[in-house]
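Summary of the model geometry
One-letter residues, chain by chain:
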Amino acid sequence: METTHVHAHHNDREMADHSSINEVVIDLEAREAPWEIGEGKRVTGWTYNGQVPGPTIEAKVGDTLVVRLKNSLPEATTIHWHGVRLPAAMDGTQVVQRAVAPGESFEYRFTVLDAGTFWYHSHTNETVQMERGLYGALVVRGADEPVVDAERVLMLDDVTLGSRGDFAKFSGVMQRHNGREGDVCVVNGHADSEVTIAAGQVERWRIVNAASARYVLLSFGGRPFRVIGTSGGLLEAPITMSEVLIVPGDRVDIVIGPFDEGPTFPMQALAYNRHAGRRHLERFATVHVGAARPSLANIPRRLRTIDALVPSDATPTRRVRMGERLSLRNGMDFLINDEVHHNDKPVTVGELQVWEIANTSHMDHPFHLHGFFFQVISENGVATAHRAWKDTINVPPKSSIVIAWMPDDRPGNWMYHCHILEHHAAGMMANFAVVRPGDDASMVPAVGHCHV
Ligand SMILES: [Cu+2]
């Protein structure tokens, strides 16, 4: 269960003004390697540094990450830093960089501004490259995190294995339509994972949904836990829940425990009806409560303050429609504002954005905005109960949500899309430019299409 942590070089460099910046330098080689998923389940994965997930990268707020990607795969690749507020040129999409060809290298360099649970993954031919294992976690810690007895990163995924010990071939129109849900559920690359938590202790679990399409309605057999963070970092206060939905691309930080010694219970995804695909319970892992150990945990009642960007009845400045259309050629096209691979209007730095995102299709879609956090203001006209920063939000069918976000001074080409990878590939995405006031959007380099 333990993830392997990266061996990073930390260089404290004296700056001219005598402040020091800490560099976290990581080498990531994208390459084929054996992936032991479970008993009798061994495949050739596409990995970062020979492991699935790739190494967990850890940093502190204010650190500069320097990631040297070497591509030893048989095809081109890029890395997207999901949730990170980085410069546009470092976002890892093919609208900001040419994909890194086999044998080539590319250096990603950016400062991490926010504490939270982020992740990195291929943003090229994702339905294949992410299925084969090209993802890992990025944990950024702030100055005053809650004190816990232990912390784990749990990356949830599912894979479809073929009969001859390899990945099953993409099976056509229904997988394209619903998104691919695998037969084998894995945590940190392993099926049938086991976790032992000491009785009396409290742990922080940073949970990432890295699956292509599977919705995880996370449950521990009905036992309560506290949600303390979302994709944009800590909440204002812990929320006690017994199940929480984690859609593809999204993250939730929970604190779990303390428990009395003895019980064994499942970490499972309850049946969730996303109006496509399967609707049954899946076990991801088994949790054992072991011998008691002393606890030093301290989870404050107040975690931080999040100021509202706008009142809950703010008027939208833009409408985004996630839709679908029958297609003779593809079976179904997935659309933004009636187009596949939409080019949306530019956004100006410093101008508050209030977007109504409506889902006119018949199934749920997880909306993901690159590079900027948003607040969900309302869902179907009802003000959101808990203020939070997010980069991914589920939009159920025939519903609409309103989000607000502020484009800070990071001009360039950005995108938003459905995080069901097959829907992104089938057109449910849009490019848009962030421009400085007075700058013409045509000054931004031409926005290409997302080649998938
Ligand atoms: Cu979708």
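Refer to the structure presented above.
Every chain begins its residue count from 1, and numbering advances along the sequence as written. With the structure being a predicted model, the display of local features is reserved for residues of pLDDT at least 70 and the display and counting of side-chain atom pairs for 80 or more, all residues being used for whole-chain, interface and lining totals. Note that the side-chain values use all heavy atoms of the structure and ignore hydrogens as well as water.

**Some remarks on the overall build of the protein chain**
For the record, the criterion: Only DSSP runs of H or I with at least four residues qualify as helices, and only runs of E with at least two residues qualify as strands; both kinds are numbered from the N terminus onward. Atoms counted for the radius of gyration: C-alpha only. Globule rule: 2.2 Å times residue count to the power 0.38. The cut-offs for exposure are 20% and 50% of the maximum accessible area for each residue type, with area from a 1.4 Å probe on protein chains only; residues under the lower value are buried, those over the upper are exposed, and the others partly exposed. Contact definition: two residues touch when any of their heavy atoms are within 4.5 Å. Here the open area of atoms and residues is found with the Shrake-Rupley method and a 1.4 Å probe, where only the protein chains shown may cover a residue.
Check the secondary structure of the protein chain and you find three helices and 32 strands. In terms of overall dimensions, the protein chain is globule-like: its C-alpha atoms have a radius of gyration of 21 Å, near the 22 Å expected for 452 residues. In terms of overall dimensions, the protein chain has C-alpha extents of about 65 × 60 × 50 Å along its principal axes. Counting over 452 residues, the protein chain shows a buried share of 57%. Of all intrachain contacts in the protein chain linking residues separated by at least 6 positions in sequence, the fraction that spans at least 24 positions is 75%. As presented, the protein chain carries roughly 18,100 Å² of accessible surface, and 51% of it is formed by carbon and sulfur atoms.

**So, empty space enclosed by the protein**
Heads up, the condition is: Of the grid points, spaced at 1 Å and generated over the protein atoms alone, those admitting a 1.4 Å probe that cannot get out make up cavities, while open sets with protein on both sides within 12 Å along at least five of seven lines make up pockets; any residue with an atom within 4 Å of a point is treated as lining. Grid points are joined across faces, edges and corners, and a volume is the space filled by probe spheres set on the points. Following the grouping adopted for this structure description, the nonpolar residues are Ala, Val, Leu, Ile, Met, Phe, Trp, Tyr, Cys and Pro, the charged ones are Asp, Glu, Lys and Arg, and the polar ones are all others, Gly among them.
The final tally for this structure, using the stated rule, is three cavities of 30 Å³ or more. When its volume is computed, the largest cavity comes out at roughly 90 Å³. Classifying every residue of the lining of the largest cavity gives five nonpolar, one polar and five charged.

**Remarks on the pattern of salt bridges**
Oppositely charged side chains can pair when the atoms bearing their charge come close. Keep this limit in mind: Just to be clear on terms, a salt bridge is a Lys or Arg side-chain nitrogen sitting within 4 Å of an Asp or Glu carboxyl oxygen.
Taken as a whole and judged by the stated rule, the model has 31 salt bridges. Residue Glu-107 is joined to Arg-109 by a salt bridge in which the shortest nitrogen-to-oxygen separation is 3.3 Å. Accessibility expressed as a relative area gives 38% for Arg-109, which makes it partly exposed. In this structure, Glu-356 and Arg-319 form a salt bridge, with 2.7 Å as the shortest nitrogen-oxygen distance.

**Concerning the environment of Phe-265**
With respect to the helices and strands, Phe-265 occurs in strand 19 (residues 264–270). With 21 residues separating them in the primary sequence, Phe-265 and Thr-286 have C-alpha atoms 5.9 Å apart. Beyond its immediate stretch of four places on either side in the chain, Phe-265 contacts Phe-220, Arg-223, Phe-259, Ala-285, Thr-286, Val-287 and Val-289.

**Things to note about the coordination of the copper ion**
What counts, and what does not: With water excluded from the atoms, a metal site may look incomplete; its donors are any N, O or S atoms within 2.8 Å, or within 3.2 Å for Na, K and Ca.
Protein coordination at the copper ion comes from His-365 (ND1), Cys-418 (SG) and His-423 (ND1), with a distance range of 2.0 to 2.1 Å. All donor residues of the copper ion come from one chain, and their arrangement in sequence is H-x52-C-x4-H. Taken individually, Cys-418 and His-423 each receive the classification buried, so the pair is uniform in this respect.

**Quick notes on the sheet that holds strand 13 (residues 203–209)**
What counts is decided by this rule: At least two bridges found by DSSP between two strands are what make those strands a pair. Fitted lines through C-alpha atoms serve as axes, helices being fitted only where they are in contact, and the angles separating the N-to-C directions of these axes extend from 0 to 180 degrees.
Spatially, 11-10-13-18-15-16 is the arrangement adopted by the six strands of the open sheet, whose pairing is mixed. A strand with exactly one partner marks an edge of an open sheet, and here the two such strands are strand 11 (184–187) and strand 16 (233–241). Sheet twist, expressed as the mean angle between neighbouring strand axes with direction ignored, is 25°. Sheet analysis places strand 15 (residues 225–230) next to strand 16, joined by five bridges and oriented antiparallel. From the neighbouring strand, Val-227 faces strand 16, where its bridge partner is Ile-239.

**Details of unusual backbone geometry**
Residue Pro-53 is reached from Val-52 by a cis peptide bond, and omega for that bond is -5°. One non-glycine residue, Asn-188, lies in the positive phi region at around 50°. Topologically, Asn-188 is positioned in the loop between strand 11 and strand 12 (193–198). Positioned with a positive phi, Asp-338 is a non-glycine residue whose angle comes to about 70°. For Asp-338, the location among the structural elements is in the loop between strand 22 (331–336) and strand 23 (342–343).

**Some thoughts on the sheet that holds strand 30 (residues 399–405)**
What the six strands build is an open sheet, ordered 22-21-25-30-27-28; its pairing is mixed. Each end of this open sheet is capped by a strand with a single partner; those strands are strand 22 and strand 28 (382–383). With four bridges connecting them, strand 27 (residues 375–379) and strand 30 associate as antiparallel partners. Pairing of Glu-379 across the sheet is with Ile-401, part of strand 30.

**Some thoughts on the packing of aromatic side chains**
The line we're drawing: Any two of the Phe, Tyr and Trp rings considered here, Trp counted by its six-membered ring, make a pair once their centres fall within 6.5 Å; the pair's planes then place it as stacked at under 30 degrees, edge-to-face at over 60, or tilted in between. Two thresholds decide whether a charge sits over a ring: the Lys NZ or Arg CZ must be within 6 Å of the ring centre and within 35 degrees of the ring normal.
The full count for this structure, using the stated rule, is 22 aromatic pairs. Here Trp-81 and Tyr-108 contribute two aromatic rings whose centre-to-centre distance is 5.9 Å and whose plane-to-plane angle is 65°, an arrangement assigned as edge-to-face. Of this pair, Trp-81 sits in strand 6 (residues 79–82) while Tyr-108 is found in strand 7 (residues 105–111), placing the two residues 27 residues apart along the sequence. A relative accessible area of 0% means that Tyr-108 is categorised as buried. Where Trp-119 meets Tyr-135, the ring centres are 6.5 Å apart and the plane angle is 75°; that geometry is what we call edge-to-face. Of this pair, Trp-119 sits in strand 8 (residues 116–122) while Tyr-135 sits in strand 9 (residues 135–141), and the two are 16 residues apart along the sequence. By relative accessible area, Trp-119 is classed as buried at 0%. Among the aromatic residues, those joined into a ring-pair cluster are Trp-355, Phe-367, Phe-372, Phe-374, Trp-405, Trp-414, Tyr-416 and Phe-432. Positioned above the aromatic ring of Phe-372 is the side chain of Arg-410, whose terminal nitrogen or guanidinium carbon lies 4.3 Å from the ring centre.

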